[in-house]
Amino acid sequence: MDLLVKDGHVYEDGNVVRADVGVRDGRIAEVAEAGDIGDADRVVDASGSLVLPGMVNAHTHASMTLLRGYADDLPLQTWLEDHIWRVEAHLTPEDIRVGAELAVVEMIKSGTTAFADMYFEMDKVADVVDEAGLRARLGYGIITVGKDDEEARDELREGVEFARDYDGTADGRVRTMVTPHAPYTCDDETLRESAEEARDMDVPLHIHLSETAQEVDDCVENEGVRPPEYLDSLGVFDGDEEDSGTEAYVAHGVHLNTDDIELLASKDVGVAHCPSANMKLASGVAPVTALLDAGVTVGIGTDGPASNNTLDMFKEARHAALVAKTRENDASVVSAREALDAATRGGAELLGLDAGVIEEGRPADLVVVDLDAPHLTPKHDLVSHAVYAANGADVKTTVVDGEVLMDDGVVETMDEERVVAEAEETARELVERAEADEVIDG
Ligand SMILES: [Zn+2]
């Protein structure tokens with residue numbers, strides 16, 4: 001074996017069992033009774049610890065780490081238009097690289113092994129993913145609102161070229177997607193063509209959808225139908241007929257009625273549920289129970305770290321379970337197991353990855369959670385602990401593609417101290433540039 005994760009409490013097929021996990025050539029070669037796998041090139045001691053599939057963050061904008069805590073406690077449109085977009089206009093490619101580095105270090109440290117990212121300068125993000133050793137599904141956020149025809153075509157071209165050029169890079173750990181930002185920030189021709197290009201390239205299409213009540217009202221007023229029906233009329237949900245896991249999936253899906261949910265289910269469109277961002281921006285609570293009942297694949301995303309404000313998927317899984325119970329007034333909905341599965345296997349399905357499960361033959365993307373802590377004592381139910389009591393800081397080891405990215409809390413692929421210092425300085429300079437410009441503009 002290349003790697004042995006020794007004698008952990010392993011979450012396998014809905015249950016926790018004491019086992020050894022053997023890894024060969026980046027894949028899980030064997031899950032055996034503890035003590036059964038002899039030697040390996042490298043051994044991670046997981047005794048007394050919980051071994052989980054790595055968290056899959058199904059929706060984020062990683063480089064927005066630089067704007068963490070810059071503008072809070074504001075409604076979405078004010079937050080976005082008066083604060084975030086104004087600073088984002090000053091982002092350089094180098095800023096985006098630095099922001100992505102901070103994000104991947106945070107993700108490795110908090111047990112995320114794969115993430116879906118939609119932003120700008122995605123070649124920089126792809127390079128950072130390569131360096132960090134993580135797995136990702138990346139897309140350039142296409143926005144055409146306020147742009148003329150030629151600029152709109154350039155946006156689409158940039159999105160398509162990135163998806164084509166970078167798919168399969170970083171030894172296959174970087175996959176791509178076509179990501180028009182939202183129905184209200186892209187014109188109908190761009191939405192239609194984005195879907196055609198995604199099908200041609202056999203990559204998923206990912207888009208924000210029905211995040212706020214205002215978005216739904218505006219769509220009904222402008223297009224005569226609700227956002228899901230509008231996208232469907234443009235062919236956005238017509239995925240690959242061969243069912244190769246490359247269908248469309250949407251972020252948020254907060255304001256969905258029964259017809260919307262039926263439409264998503266019939267078109268095999270999944271939803272990346274982002275409970276913290278939806279709560280923080282007071283957008284509402286997605287109907288996750290109804291989505292699951294309808295057979296829609298649900299993953300969990302943090303959304304950007306400026307609207308969360310962390311990339312901790314353990315917190316996100318907990319929030320997913322809690323908001324569903326609150327929404328339905330029923331404590332039995334979205335159990336700890338369902339939340340954990342959505343945060344791992346569900347996300348992997350949305351991203352079209354084989355990962356998200358600890359099983360022989362799967363990619364070796366897994367994390368070891370230290371249980372030796374007061375807040376994880378006593379140990380009646382470790383799945384309950386994973387969702388309701390643990391947090392990302394309890395992760396001590398992170399493995400992606402069979403490579404150890406962090407062990408005993410020490411990130412091995414990135415210089416954490418350098419990344420944090422550089423991000424602090426870069427974020428300060430970015431905000432200074434943006435605010436100086438505001439003064440000049442009057
Ligand atoms: Zn988003």
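Everything here concerns the structure above.
Okay, so let's go over this structure. Keep in mind that this is a model prediction, so the values were computed, not measured. (Residues numbered from 1 in each chain as written. Predicted model: local features only at pLDDT ≥ 70, side-chain atom pairs only at ≥ 80, totals over all residues.)

**Remarks on the overall build of the chain**
Scanning the chain from terminus to terminus reveals 14 helices and 18 strands. Scaling as 2.2 N^0.38, a compact globule of 442 residues should have a C-alpha radius of gyration of about 22 Å, and the chain matches this with 21 Å. Principal-axis analysis of the C-alpha atoms places the extent of the chain at approximately 65 × 45 × 40 Å. The burial tally for the chain puts 56% of its 442 residues in the buried class. Across the chain, contacts joining residues at least 24 apart in sequence account for 73% of those joining residues at least 6 apart. (Helix = DSSP H or I, 4+ residues; strand = E, 2+ residues; numbered from the N terminus. Rg over C-alpha atoms; globule rule 2.2 N^0.38 Å. Buried ≥ 20, exposed ≤ 12 C-beta atoms within 10 Å, placed from the backbone. Contact = placed C-beta atoms within 7 Å.)

**A word on the packing of helix H2 (residues 93-109) against helix H3 (residues 122-132)**
One way to put it is that H2 packs onto H3 with a least axis distance of 9 Å and a crossing angle of 35 degrees. H3 is crossed by H2, and the crossing has right-handed handedness. Every residue of H3 that contacts H2 at Pro93, Ile96, Arg97, Ala100, Glu101, Val104 and Ile108 is listed here: Lys124, Val125, Val128, Val129 and Ala132. Residue composition of the contact of H2 with H3, by class: 9 nonpolar, no polar and 3 charged. (Axes fitted to C-alpha atoms, helices over the stretch in contact; angles between N-to-C directions. Left-handed = near helix turned anticlockwise from the far one by under 90°. Nonpolar A, V, L, I, M, F, W, Y, C, P; charged D, E, K, R; others polar.)

**Concerning the pairing of strand S15 (residues 366-369)**
Here S15 shows no split at all, with Leu366 and Val368 on one side and Val367 and Val369 on the other all buried. As judged from the 4 bridges shared by strand S5 (residues 50-53) and S15, these two strands associate in the antiparallel manner. The residue of S15 that forms the bridge with Pro53 is Leu366. (Pairing = 2+ DSSP bridges.)

**Looking at unusual backbone geometry**
Across the junction of Asn308 and Asn309, the peptide omega takes the value 15 degrees, indicating a cis bond. Along the chain, Asn309 turns up in the loop between strand S14 (298-300) and helix H11 (313-328). Phi is positive for Asp13, which is not a glycine, with a value near 55 degrees. Unlike most non-glycine residues, Asp408 shows phi in positive territory, near 55 degrees. With respect to the secondary-structure elements, Asp408 resides in the loop between strand S17 (403-407) and strand S18 (410-411).

**Notes on the nonpolar core**
If you look at the biggest cluster of nonpolar residues, it comprises 142 residues, and the most contacted ones within it are Val51 and Val104. Taken domain by domain, this core gets at least three of its residues from each of domain 1 (3-53 + 364-411) and domain 2 (55-350). (Core = buried A, V, L, I, M, F, W, Y, C linked by C-beta atoms within 7 Å. Domains from an automatic or database assignment.)

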